[in-house]
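One-letter residues, chain by chain:
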There are 2 protein chains.
Amino acid sequence: MASQVLVAANRGPLSYDLGDDGTLTARRGGGGLVSGLSAALARQPDALWICAALSDADREAVRRGVSEPGVRMLDIDPTTYDDAYNGIANSVLWFTHHHLYDIPREPVFDAEFRRQWDSYVAYNRAFAVALAEEAGEGAAVLVQDYHLALVPGELRELRPDLRISHFTHTPWASPEFLGMLPDDIRSQLVWGMLGADVVGFHTWAWADGFMAGAHIDDTSGIARATGDPQRRVQHQKRGARIRYTDVAVYPLGVDADELRGLAHRPEVDDKLAALRAEVGNRKAIVRVDRTELSKNILRGLLAYRELLTVHPEWRGRVVHLTSAYPSRQDLAVYRSYTQAVRELAERINGEFATPDWQPVLVSVKDDFARSLAAYRLADVALVNPVRDGMNLVAKEIPVVSDEGCALVLSTGAGAYGELREDALTVNPYDVSATAEALHAALSMPADERLERTKRLAAAATALPPTAWFTAQLDALREV
Amino acid sequence: MASQVLVAANRGPLSYDLGDDGTLTARRGGGGLVSGLSAALARQPDALWICAALSDADREAVRRGVSEPGVRMLDIDPTTYDDAYNGIANSVLWFTHHHLYDIPREPVFDAEFRRQWDSYVAYNRAFAVALAEEAGEGAAVLVQDYHLALVPGELRELRPDLRISHFTHTPWASPEFLGMLPDDIRSQLVWGMLGADVVGFHTWAWADGFMAGAHIDDTSGIARATGDPQRRVQHQKRGARIRYTDVAVYPLGVDADELRGLAHRPEVDDKLAALRAEVGNRKAIVRVDRTELSKNILRGLLAYRELLTVHPEWRGRVVHLTSAYPSRQDLAVYRSYTQAVRELAERINGEFATPDWQPVLVSVKDDFARSLAAYRLADVALVNPVRDGMNLVAKEIPVVSDEGCALVLSTGAGAYGELREDALTVNPYDVSATAEALHAALSMPADERLERTKRLAAAATALPPTAWFTAQLDALREV
């Protein structure tokens with residue numbers, strides 16, 4: 001039976017532009033996940049995507065009653081939204097799940113945090129209320145990501161009949177970090193998630209972390225992971241019946257045809273030619289990231305420096321293309337990190353550059369065509385995050401690589417679960433091991449590199465967005 | 001059978017002063033543990049304490065063959081010592097066991113780390129070689145702390161006949177943090193510890209952490225925690241027979257008579273009178289710490305600020321005595337933390353002070369007599385470390401308190417294991433909960449406060465240093 005399908009996500013498949021003449025124009029978002037989800041939803045009758053209005057133009061559209069079929073935007077009070085999205089989701093939950101704190105000083109859970117948490121609850125409740133209004137009897141609701149961790153629980157209270165899943169695109173905090181949250185907040189978070197019939201993660205490392213942290217025995221009720229191997233959480237709220245939440249893994253992959261099509265547009269060919277001219281006949285170590293604390297760009301640069309020190313034979317024979325475009329520059333800690341990346345790159349160039357060789361080329365512009373060109377060109381891809389939900393770059397590069405690319409991959413990336421066998425894997429804190437992996441990657445024979453790249457590409461495309469979504473929907477309907 | 005007893009610790013029971021005329025004078029160290037250990041050792045025939053020479057005068061004593069009975073100092077090359085002690089023990093192992101990293105930037109395990117690690121191995125080996133030389137057949141060797149984590153393994157190789165224990169005075173890192181270490185280093189560290197017949201910790205939280213991290217299956221061999229409940233680690237090095245290491249907990253306590261004697265010297269009475277004059281008829285919240293990243297002084301001040309904001313009835317009626325004397329000012333991260341403590345204290349005074357009331361009194365001088373006076377005076381003791389092996393301050397204050405003292409205690413302190421029932425316990429990251437605990441502590445009826453203090457003092461003195469040592473020695477002899 002194909003029941004109605006609803007998706008809830010902070011960001012929707014489209015946004016509005018408000019013209020000078022006051023007209024609103026809808027614009028579809030790009031990116032693998034949104035287009036994959038949109039494609040999957042298009043096949044479902046009565047499908048609905050519920051999202052937040054993100055801009056003044058979006059809010060204006062909601063107020064005027066402007067909408068597109070299959071999309072409902074929620075006009076949440078801007079202050080509430082800002083507290084929930086920036087204050088809690090991206091400053092507390094993001095940092096907690098990615099283990100990014102400067103622990104002697106952060107986190108601080110004070111009265112201001114409590115005020116923002118109330119906004120997070122309100123923002124989640126707005127989604128739950130809208131879903132409860134829109135969902136038909138027994139509909140399937142797929143809730144996306146850490147922004148909406150409380151939606152399953154809120155929605156379960158309102159509509160016990162629904163089938164609810166939640167998917168976390170980030171890692172899930174280890175018990176050590178989840179335990180930093182105030183007890184009542186941690187409890188709310190876990191109980192929010194346990195409102196779902198199925199909670200999904202990119203990899204077992206995060207799913208196991210969730211189950212370890214879902215060990216609760218407090219005034220709200222009792223929960224514990226169960227099964228052998230543990231694949232579900234048994235839970236019982238005080239005064240309610242025992243329920244189960246299945247824990248599942250859906251490693252999001254790449255749509256090979258779509259990505260290869262994008263990577264071979266003339267615009268990308270042009271960027272590739274320009275990059276080739278810059279790199280010359282040297283090897284290229286490529287990284288492409290937002291300048292995000294979790295991406296570990298500083299230790300990546302330190303590893304490159306150690307490579308040039310310990311293996312001086314690579315001096316003049318390799319270039320490190322570091323695409324590190326600014327992110328979240330409203331936060332001081334991101335600004336100082338971005339500045340530190342620039343300074344370290346300059347220091348390395350200062351130490352090693354010769355008249356005809358610049359060791360590090362930093363690109364701070366978010367230019368997808370140039371990134372794809374760098375993917376195609378790369379001899380070595382450096383993907384060394386401290387911790388990362390999946391890290392699609394690790395999957396994209398092997399898929400579009402022109403001549404094969406050796407992948408240096410952190411054990412902290414979600415992609416490690418699927419790509420470990422053909423990647424050169426490194427502890428992200430171990431700069432010396434990363435330098436040695438870069439050396440091994442640069443030294444890898446061309447045929448081995450090509451073989452590994454083929455296998456990496458096969459693993460990377462095993463579960464493209466549409467199949468990823470469909471698999472979750474099928475599992476939810478079987479509940 | 002009372003076999004020979006040897007203690008190995010970085011710091012010995014005495015040190016030397018070198019006079020202007022070149023004469024060396026031995027000086028006994030103070031402090032509960034050293035005096036307790038010395039007293040316990042004095043009862044053992046042939047007891048020997050092996051320690052490092054810490055100063056030029058100590059080294060000079062070793063070179064001249066000057067020594068005191070029962071003590072052997074090791075003259076380790078100063079550079080090796082500095083790398084091992086400051087570089088590895090206090091900058092890597094301390095940070096790892098206390099979870100103190102600014103994770104996006106630290107730790108960095110690079111070539112410099114490897115160089116320092118070699119020094120740490122050499123420094124540990126020097127202890128192991130000296131112990132192997134000095135120990136009689138079947139002697140009991142009690143190795144102290146994270147500085148000497150490799151000694152049991154090294155010594156076991158040299159002298160399989162010995163009974164070896166190791167005691168960790170810090171916490172033990174959670175698997176999440178232990179896993180940041182390079183694999184081979186983590187393996188060396190755990191195998192080093194597993195050379196012991198017994199490894200001891202202050203509390204089960206740290207012992208459990210050790211067992212969780214002692215799950216190894218690598219080229220060195222296999223180890224895993226075993227027993228029900230798990231109280232030992234079964235391990236087998238490649239090519240060797242199966243061995244066991246018992247995991248035990250010995251929560252170090254306070255010698256009540258000694259401490260009360262110290263706290264009632266005329267010098268302390270004078271300091272107490274001076275403090276009383278400063279505090280007036282207000283309540284006193286007392287904290288006494290080195291300005292150490294793990295002590296969480298900043299969040300303590302933030303909690304005090306939130307107390308004054310959320311419960312303004314305390315304004316003018318309470319003083320926060322913050323004894324935060326500088327520590328490790330050779331490290332930039334400690335200097336900046338110390339500076340941040342000063343600035344925050346000043347900011348709070350700027351926000352709330354009145355002509356006749358200064359809310360925070362910061363004392364940066366390491367003055368034990370003043371600390372004891374503050375202990376006696378305290379209405380509330382604030383002990384809120386992020387993570388702390390034991391935290392003896394939490395045990396000392398109830399023992400010497402003149403009129404009973406409410407204890408606000410972090411769940412991250414080792415003392416939490418024994419004192420939780422009569423303390424007001426807080427998540428150290430939860431500033432709001434800490435503020436509420438301070439409010440509850442200030443509001444506690446005098447009779448309840450006194451009753452709790454009595455029970456806290458009883459728990460705090462359950463295992464004073466001499467008994468603590470004897471219990472370990474007895475357990476080791478039963479192996």
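Values in this document were obtained by computation on a predicted structure and should not be read as measured data.

A. A look at the pattern of salt bridges. Scanning all chains against the criterion turns up 64 salt bridges over all chains. In this structure, Asp197 of chain A and Arg156 of chain A form a salt bridge, with 2.9 Å as the shortest nitrogen-oxygen distance. In this pair, Asp197 of chain A sits in the loop between α7 (183-194) and β8 (198-201) while Arg156 of chain A sits in helix α5 (residues 151-158), placing the two residues 41 residues apart along the sequence. There is no split in this pair, since Asp197 of chain A and Arg156 of chain A are both buried. The residue Lys295 of chain B makes a salt bridge to Asp388 of chain B at a minimum N-O spacing of 2.8 Å. Placement of the pair is Lys295 of chain B in the loop between β13 (283-290) and α11 (297-310) and Asp388 of chain B in the loop between β16 (380-383) and α14 (393-400), with a sequence separation of 93 residues. Each member of the pair, Lys295 of chain B as well as Asp388 of chain B, carries the same accessibility label: buried. A network of salt bridges, in which partner residues are shared, links Asp56, Arg59, Arg63 and Asp75 of chain A.

B. Structural context of the packing of aromatic side chains. Residues and elements named next belong to chain A. Counted by the stated rule, this structure contains 29 aromatic pairs over all chains. Aromatic pair Phe113 and Trp117: ring centres 6.2 Å apart, planes at 35°, arrangement tilted. Residue Phe113 and its partner Trp117 are located together in helix α4 (residues 111-134), separated by four residues, close to a single helical turn. In this structure Phe113 comes out as buried when scored by relative accessible area, which is 4%. Look at Trp117 and you get buried, because its relative accessible area is 3%. Between Tyr120 and Tyr123 the ring centres are 6.4 Å apart and the planes differ by 40°, which places this aromatic pair in the tilted class. Placement of both Tyr120 and Tyr123 in helix α4 is noted, with a separation of three residues, approximately one turn of the helix. Residue class for Tyr120 comes out buried when judged on its relative accessible area of 0%.

C. Local environment of the packing of α11 of chain B against helix α16 (residues 431-443) of chain B. All names here are of chain B. α16 packs onto α11 with a crossing angle of 65° between their chain directions and a minimal axis gap of 8 Å. The chirality of how α11 crosses α16 is right-handed. Each of Arg299, Leu302, Ala303, Tyr304, Glu306, Leu307 and Val310 in α11 lies in contact with α16, whose residues at this interface are Val431, Ser432, Thr434, Ala435, Glu436, Leu438, His439 and Leu442.

D. Representation of the side chain of His147 of chain A in the model. Residues and elements named next belong to chain A. Among the structural elements, His147 can be located in the loop between β6 (140-144) and α5. With a relative accessible area of 9%, His147 lands in the buried category. Each residue touching His147, except ones within four places of it in the same chain, is listed here: Asn10, Tyr85, Ala89, Asn90, Tyr120, Tyr123 and Asn124.

E. Focus on the relation of the copies chain B and chain A. If you rotate chain B by 180° and push it 0.0 Å along the axis, it lands on chain A with an RMSD of 0.0 Å. In the structure described here, the two chain copies are related by an operation that fits a two-fold rotation axis. It is Asp102 of chain B whose C-alpha, among those of chain B, lies nearest the rotation axis, at 1.8 Å. Take the interface residues of chain B: 100% of them recur as interface residues in chain A, which is what a same-surface contact looks like.

F. Representation of the environment of Val141 of chain A. All names here are of chain A. For Val141, the position within the fold is in strand β6. Taking the C-alpha atoms as reference points, Val141 and Ala47, 94 residues apart in sequence, are found 9.9 Å from one another. Ignoring any residue separated from it by four or fewer positions in sequence, one finds Val141 in contact with Leu6, Leu131, Leu155, Leu162, Arg163, Ile164, Ser165 and Leu476.

G. Spotlight on the interface of chain B and chain A. Residue-level contacts link 37 residues of chain B with 37 residues of chain A. Where chain B abuts chain A, roughly 2,800 Å² becomes buried across the two surfaces, and 52% of that area is made up of carbon and sulfur atoms. Counting every contact that joins chain B to chain A gives four salt bridges. The salt bridge involving Asp430 of chain A is made with Arg114 of chain B; its shortest N-O contact spans 3.8 Å. Along the lines of polarity and charge, the residues of the side of chain B that touches chain A split into 20 nonpolar, seven polar and 10 charged.

Rules used throughout
Residues numbered from 1 in each chain as written. Chains lettered and ligands numbered in written order. Predicted model: local features only at pLDDT ≥ 70, side-chain atom pairs only at ≥ 80, totals over all residues. Heavy atoms only, no water. Salt bridge = Lys/Arg side-chain N within 4 Å of Asp/Glu carboxyl O. Helix = DSSP H or I, 4+ residues; strand = E, 2+ residues; numbered from the N terminus. Buried < 20%, exposed > 50% of the residue type's maximum accessible area, 1.4 Å probe, protein only. Phe/Tyr/Trp six-rings, centres within 6.5 Å; stacked < 30°, edge-to-face > 60°. Axes fitted to C-alpha atoms, helices over the stretch in contact; angles between N-to-C directions. Left-handed = near helix turned anticlockwise from the far one by under 90°. Contact = heavy atoms within 4.5 Å. Least-squares fit on C-alpha atoms with pLDDT ≥ 70 in both. Buried area = accessible area lost by both parts, 1.4 Å probe. Nonpolar A, V, L, I, M, F, W, Y, C, P; charged D, E, K, R; others polar.

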